[in-house]
Amino acid sequence: MRIEYTPWPAELAEQYRAKGYWQDKPLTSILSEQLNTNSQGIAVADGQRQLSYAELNTYSDNLAGYLNQQGLQQGDTAIVQLPNCLEFYITYFALLKLGVAPVCALFNHQRTELQSYCEILQPKAMIVSSAHALFTDEQFTQALFNRFGCLNNIIIDHSKGNSELKQGYLNKHAFTAPDLNPEEVAFFQLSGGSTGTPKLIPRTHNDYLYSVVASKDICELDGDTRYLCALPAPHNFPLSSPGALGVFIAGGTVILASDPSPAVCFGLIEHYAITHTALVPPALQLWLQHAPASQHDLNSLQVIQVGGAKLSRSVAEQVTPVLGCQLQQVFGMAEGLVNYTRYNDDPELILTTQGRPISELDEIKIVDEHGQEVAQGESGRLMTRGPYTFRGYYKSPTHNASAFDDAGFYSSGDIVKQLPSGHLVVEGRDKDQINRGGEKIAAEEVENHLLGHEHIQQVAIVSMPDDTLGEKSCAFVVADQDIKLTTLILRKYLRQLGIADYKVPDKFKFVTQLPLTAVGKVDKKALRATFE
Ligand code: AMP
Ligand code: DBH
């Protein structure tokens, strides 16, 4: 019944409790605590529809009952893939209430990603949307049923009209709420990854609730907060930093946007008098370009949080003059550690650092390639452990052995330096990943797909600088000698495999060999240097 995860050592857990960080409450308390005082407050709106806290609570109860009737019970897992819509939060809370741990896939994930989540999790159910190309007909759902014996149920939401999901939450279905153990896994976050297969991050009620409560306090959210969720709702940033869950704890309102473009967001900002939002750097740049000529009143904006990828100082400097609001830099990870610049920080720190950790019990070590701590102010690899940083990927003993040190510090793969104030500056990365404007691509995962092509002998994917996205991806391909491969052929090949579009390399370079390091590994540094 218990979903496995690597627990924190007892003495640390005790410390986190003693400090009051772990409250031994389930994440579902986020909703129940609003019911007495704020049941008629609007929890979430999407431009056309809205739900009060009472409705969000009732609908998620109803859906929990329905899913229970369908055979789902505590200890099971599920996959959710929904666009930014009210149903996302109804479903998320319904599953939490049942004690079913979901992984919430991003909406741009495709066949291959969903299949690999099924493989890792062996879920009982999937809750998906017909707005996604994979679920417009029965073909893919049938293939999933055939391949995964565990899968009893695929519930499809139709954005318009009636659907099984709507039937499930609009009608009363009684269920007995199980006791939730706050020490146990509530749901899985997705890692941006740096390995061949996607990795899932078990998040417990205690650790996640603490990160959200503390984030809500740092960001000073309250009942008047109107937060625009324009990034994909399941992503750790707009879910928890402080994100929609932080807004719900504060009793404010989440307004959902379908995407972060100015065309979609500026009208919503005016209409709902949005006070807070979270963006990745490329979206912020679009906002800065379009705001001066916009007809929309953006005056209600108080804070724009920016994170997911490095924000340059020159862009950071424009936020207050152009958008008239405060900038907050956020450096976080689905694995745990989140850093914020604080509103009252020295303006220079807000412009040039990625913030400091949430918690005084977040432990930071910056180490060299031998694992030795570097001198104060020097840059090195970020290692961290703390009250909301996980202790192991789900069912990944081999990878965990290298992702953590003996003391349980997680190696994030970021190269950082720490200022005397505790603020971190992200200087680079030491993981095999491309950060495409906040969307993370595990090079090895895409390389493995390409190596499956009958005429590819070797391949290496590296980042190349890009003005808008920060980085794009380039694949260096060694093909069979007498074969003429083209960019078009390989793009089509990857799309047919069904991988998310952002993972398809932006550029292919056909070469006769790859440079090697002294020990005979592909020299990615040398490949990246070709773009300098
Ligand atoms: P993920 O593991 O997918 O949650 O991605 C987390 C990673 O995103 C971090 O380890 C960083 O590499 C990157 N990241 C997040 N926020 C920032 C930021 N503000 N500046 C630079 N990199 C960031
Ligand atoms: O990039 C991230 O994963 C991220 C960025 C900002 C994150 O997980 C977060 C804040 O919580």
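Given the structure is predicted, the values throughout are model-derived calculations rather than measurements.

What counts, and at which threshold
Residues numbered from 1 in each chain as written. Chains lettered and ligands numbered in written order. Predicted model: local features only at pLDDT ≥ 70, side-chain atom pairs only at ≥ 80, totals over all residues. Heavy atoms only, no water. Helix = DSSP H or I, 4+ residues; strand = E, 2+ residues; numbered from the N terminus. Rg over C-alpha atoms; globule rule 2.2 N^0.38 Å. Buried < 20%, exposed > 50% of the residue type's maximum accessible area, 1.4 Å probe, protein only. Near = heavy atom within 4 Å. Polar contact = N/O pair within 3.5 Å; in protein donor to acceptor, adjacent residues only side chain to side chain. Areas by Shrake-Rupley, 256 points an atom, 1.4 Å probe, with all protein chains shown as cover. Domains from an automatic or database assignment. Buried area = accessible area lost by both parts, 1.4 Å probe. Salt bridge = Lys/Arg side-chain N within 4 Å of Asp/Glu carboxyl O. Contact = heavy atoms within 4.5 Å. Phe/Tyr/Trp six-rings, centres within 6.5 Å; stacked < 30°, edge-to-face > 60°. Lys NZ or Arg CZ within 6 Å of the ring centre and 35° of its normal.

## A short note on the overall build of the chain
- Helix and strand counts for the chain come out as 19 helices and 24 strands.
- Against the 2.2 N^0.38 benchmark of 24 Å for 532 residues, the chain shows a C-alpha radius of gyration of 23 Å, consistent with a compact globule.
- Taking all 532 residues of the chain together, 59% fall into the buried category.

## Side note on the site of ligand 1
- Near ligand 1 there are 18 residues, and of these Gly192, Val330, Ala334, Asp414 and Lys440 occur at the shortest range.
- At 2.8 Å, a backbone N or O of glycine 192 approaches an oxygen atom of ligand 1.
- A distance of 3.5 Å separates a nitrogen atom of ligand 1 from a polar atom in the backbone of alanine 309.
- A total of 500 Å² of accessible area belongs to ligand 1 in isolation, and the protein chains cover 94% of it.
- Per-element accounting of the shell around ligand 1 gives the leading share, 4 residues, to strand β13 (residues 326-333).

## Topic: the domain arrangement of the chain
- The domain architecture assigned to the chain consists of domain 1 (26-181) and domain 2 (433-529).
- Taking only C-alpha atoms, the centre of domain 1 and the centre of domain 2 are 35 Å apart.
- Roughly 600 Å² is buried in total at the junction of domain 1 and domain 2, and carbon and sulfur atoms are behind 37% of that figure.
- It is Asn108, Thr112 and Glu113 that lose the most area in domain 1 upon contact with domain 2, and together they represent 61% of the buried surface on that side.
- Where domain 1 meets domain 2, there are 1 salt bridge.
- A salt bridge links lysine 503 to glutamate 113; its shortest N-O distance comes to 2.7 Å.

## Here's the deal with the site of ligand 2
- All residues in the neighbourhood of ligand 2 are listed as His235, Asn236, Phe237, Ser241, Gly308, Val330, Gly332, Met333, Ala334, Val338 and Lys440.
- One nitrogen or oxygen atom from the side chain of serine 241 is found 2.7 Å from an oxygen atom belonging to ligand 2.
- One of the backbone nitrogen or oxygen atoms of alanine 334 is found 3.4 Å away from an oxygen atom of ligand 2.
- Contact with the protein chains removes 95% of the 290 Å² of surface that ligand 2 exposes when unbound.

## A short note on the environment of alanine 125
- Here alanine 125 shows up in strand β5 (residues 125-129).
- With relative accessibility at 0%, the residue alanine 125 sits in the buried group.
- Sequence separation between alanine 125 and threonine 77 is 48 residues; the distance between their C-alpha atoms is 7.3 Å.
- Contact partners of alanine 125, with chain neighbours within four places excluded, come to Leu72, Thr77, Ala78, Ile79, Leu151 and Asn153.

## A look at the packing of aromatic side chains
- One pass over the full model with this rule turns up 22 aromatic pairs.
- Note on phenylalanine 187 and tyrosine 208: the rings are 4.8 Å apart at their centroids and 80° apart in plane angle, and the pair reads as edge-to-face. Taken as a pair, phenylalanine 187 in strand β7 (residues 185-190) and tyrosine 208 in helix α8 (residues 205-218) lie far apart in primary sequence, 21 residues in all.
- For phenylalanine 187, a relative accessible area of 1% gives the class buried.
- Residue classification places tyrosine 208 among the buried residues on the basis of a relative accessible area of 0%.
- Their ring planes at 55° and their centres at 6.1 Å tell us that phenylalanine 476 and phenylalanine 531 sit as a pair that is tilted. Of the two residues, phenylalanine 476 is situated in strand β23 (residues 470-479) and phenylalanine 531 in the segment after α19 (524-529); the sequence distance between them amounts to 55 residues.
- Exposure remark for phenylalanine 476: the relative accessible area of 3% places this residue in the buried category.
- Taken together, the ring pairs in this structure connect Tyr53, Phe88, Tyr89, Tyr92, Phe93, Phe187, Tyr208 and Phe248 into an aromatic cluster.
- Of note, lysine 365 hangs over the ring of phenylalanine 409, and the distance from its end group to the ring centre comes to 4.1 Å.

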